Each structure stands twice: as structure tokens, then as C-alpha cells.
Amino acid sequence: MPAAYVSRPLTTASHTVAATDPTRQARHIHVSTTDTGTPVIDFLAVERAVNGDRPVPELNHAERQLAARLMTGEGYALAAIVGLLGTEQRTVSRWRAAWKREQGARV
């Protein structure tokens, strides 16, 4: 279920928003919306959620898991992921453990 994403620096206009809104993260995560093989995931909703855009969209299970994976890859703390996605800390910890096992199996 991995999706392609690229970290890009914020534009000057975005820096203004980030400076005035303390809930915004310092960087913006871009989620590839060209993957049409996953019909249960709204990639735009995931992108909005991981970047803290308001109002935060309601995500289904697969979208929350993808968002958590993207945020983990970007180095977000567990508390930040839980806070933005509204999931249980234990759930995100289990997902992270599963991803580590998955990485070990690929090597």
C-alpha cells in the first residue's frame, strides 16, 4: 500500500500561513494522486490530513494507515500522528511494528 510522495519546500506564500497558524507543520507532504489502483483511498484527503489543513477530512481505515505511514517516513513523532489523525497511540504503534517487519522481510 505504499504511495509515492515527495517532500517539497514551502513557497513564500505558504511560509506566511505557517508562521501565523501554529498548527501547520514546517513542511508540506505531497501525495501522488495518479495511483488509480486503490479505489478506497482518497489521496487528496490524505494529503490534507497529513498537512493539517482545516477542516480535517474524515479518513477511512486505509487512508489513516497511509497517512500514518507517510508521516512516519517524514519523521513525525508518534504524538503528532495520533493528534492529527485522531487514532489511538497503540494502533499507530502496531502499524509501525508491522511496517518494520515488512521492511525486514524485503531485505
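The structure under discussion appears in the preceding block.
Chains are numbered independently. Their residues run from 1 in the order of the written sequence. Side-chain atom pairs in this predicted model are given and counted only at pLDDT of 80 or more, local residue features only at pLDDT of at least 70, and totals for whole chains, interfaces and linings cover all residues. Working from all heavy atoms in the structure, the side-chain values ignore hydrogens and water.

**Student:** I'm lost on the packing of helix α2 (residues 43–50) against helix α3 (residues 61–73) in this one. Help?
**Tutor:** When two helices pack together, you describe them by how their axes are tilted relative to each other and by the distance separating the axes. Fitting a line to C-alpha atoms yields each axis, with helices limited to the stretch in contact; the angle taken between N-to-C directions then spans 0 to 180 degrees. Strands here are runs of E lasting at least two residues and helices are runs of H or I lasting at least four, both read from the DSSP assignment and numbered beginning at the N terminus. Packing of α2 against α3 brings their axes to within 10 Å, and their N-to-C directions diverge by 50°. Considered as vectors, α2 and α3 are oriented oblique to each other. For the pair α2 and α3, the sense of crossing is right-handed. Packed against α2, whose contacting residues are F43, V46 and V50, the element α3 presents E63, L66, A67, L70 and M71 at the interface. Ten residues, namely Ala, Val, Leu, Ile, Met, Phe, Trp, Tyr, Cys and Pro, are considered nonpolar, four, namely Asp, Glu, Lys and Arg, are considered charged, and the remaining ones, Gly among them, are considered polar. Looking at the contact of α2 with α3, its residues break down into seven nonpolar, no polar and one charged. Orientation labels follow simple angle bins: below 35 degrees gives roughly parallel, above 145 gives roughly antiparallel, 65 to 115 gives roughly perpendicular, and whatever is left gives oblique. Handedness of each helix crossing follows the sense of rotation of the near helix against the far helix: counterclockwise by less than a right angle gives left-handed, clockwise gives right-handed. Residue contacts are defined here by distance: any two heavy atoms, one from each residue, within 4.5 Å place the two residues in contact.

**Student:** Sorry if this is basic, but what is going on with α3 here?
**Tutor:** At 3.6 residues per turn, the α-helix brings residues three or four places apart onto the same side. A helix is expected to reach a length of 1.5 Å times the quantity of its residues less one. Between its terminal C-alpha atoms α3 stretches 18 Å, which fits the 18 Å expected from 13 residues at 1.5 Å a residue. Any residue under 20% of the maximum accessible area for its type is buried, any over 50% is exposed, and the rest in between are partly exposed; the area is computed with a 1.4 Å probe on protein chains only. Among the residues of α3, A62, E63, Q65, L66, A67, A68, R69, L70 and M71 are the ones counted as buried. Any N or O atom pair separated by 3.5 Å or less is treated as a polar contact, with the protein-specific requirement of one donor-capable and one acceptor-capable atom, and with residues adjacent in sequence counted only for side-chain atom pairs. A distance of 3.1 Å separates the backbone nitrogen of A62 from a side-chain oxygen at the start of α3, and that oxygen is part of N60. Positive backbone phi, approximately 90°, marks G75, located one or two places after α3.

**Student:** I'm lost on the side chain of E63 in this one. Help?
**Tutor:** Here E63 is to be found in helix α3. When charges are counted, neither His nor the chain ends are considered; positive counts come from Lys and Arg and negative counts from Asp and Glu. When a carboxyl oxygen of Asp or Glu lies within 4 Å of a side-chain nitrogen of Lys or Arg, that pair is called a salt bridge. Buried and unpaired, E63 has R64 as its nearest opposite-charge partner, separated by 6.9 Å. A distance of 2.7 Å separates a polar atom in the side chain of E63 from the backbone nitrogen of D42. Beyond its immediate chain neighbours, meaning those up to four positions away, E63 contacts V40, I41, D42, V46 and E58.

**Student:** Help me understand the pattern of salt bridges in this model?
**Tutor:** Side-chain pairing between opposite charges can occur once the charged atoms of the two side chains come close. For the structure on display, the rule yields one salt bridge. A salt bridge links R69 to E102, with the shortest nitrogen-to-oxygen separation between them at 2.7 Å. Of the two residues, R69 sits in helix α3 while E102 sits in helix α5 (residues 89–106), which places them 33 residues apart along the sequence.

**Student:** Honestly, unusual backbone geometry in this entry has me stumped. Any pointers?
**Tutor:** Excluding glycine, residues mostly carry a negative phi; peptide bonds, for their part, are mostly trans. In this model, R54 is joined to P55 through a cis peptide bond whose omega is -5°. Mapped onto the fold, P55 is located in the loop between α2 and α3.

**Student:** What is the right way to look at the nonpolar core in this model?
**Tutor:** Nonpolar side chains in soluble globular proteins generally cluster together in the buried interior. We call a set of buried residues a nonpolar core when its members are Ala, Val, Leu, Ile, Met, Phe, Trp, Tyr or Cys and they connect through side-chain atoms within 4.5 Å of each other. Ranked by size, the top nonpolar core spans 22 residues in total, and within it V46, M71, I81 and L85 carry the most contacts. Where this core is concerned, the elements lending two or more residues are α2, α3, α4 (78–85) and α5. Take this core: its biggest share by element is six residues, from α3.

**Student:** What's the story with α2 in this structure? I'm lost.
**Tutor:** For α2, a buried count of six out of eight residues is recorded, marking the element as mostly surrounded by other parts of the structure. All buried positions along α2 are accounted for by F43, A45, V46, E47, A49 and V50. Where α2 starts, the residue carrying a side-chain oxygen 3.2 Å from the main-chain nitrogen of L44 turns out to be D42.

**Student:** Help me understand the environment of Q89, please; the structure alone is not making it clear to me.
**Tutor:** With respect to the helices and strands, the residue Q89 is situated in helix α5. Residues Q89 and A79, spaced 10 residues apart in sequence, show a C-alpha to C-alpha distance of 7.4 Å. Here Q89 is in contact with L78 and V82, once residues within four sequence places are set aside.

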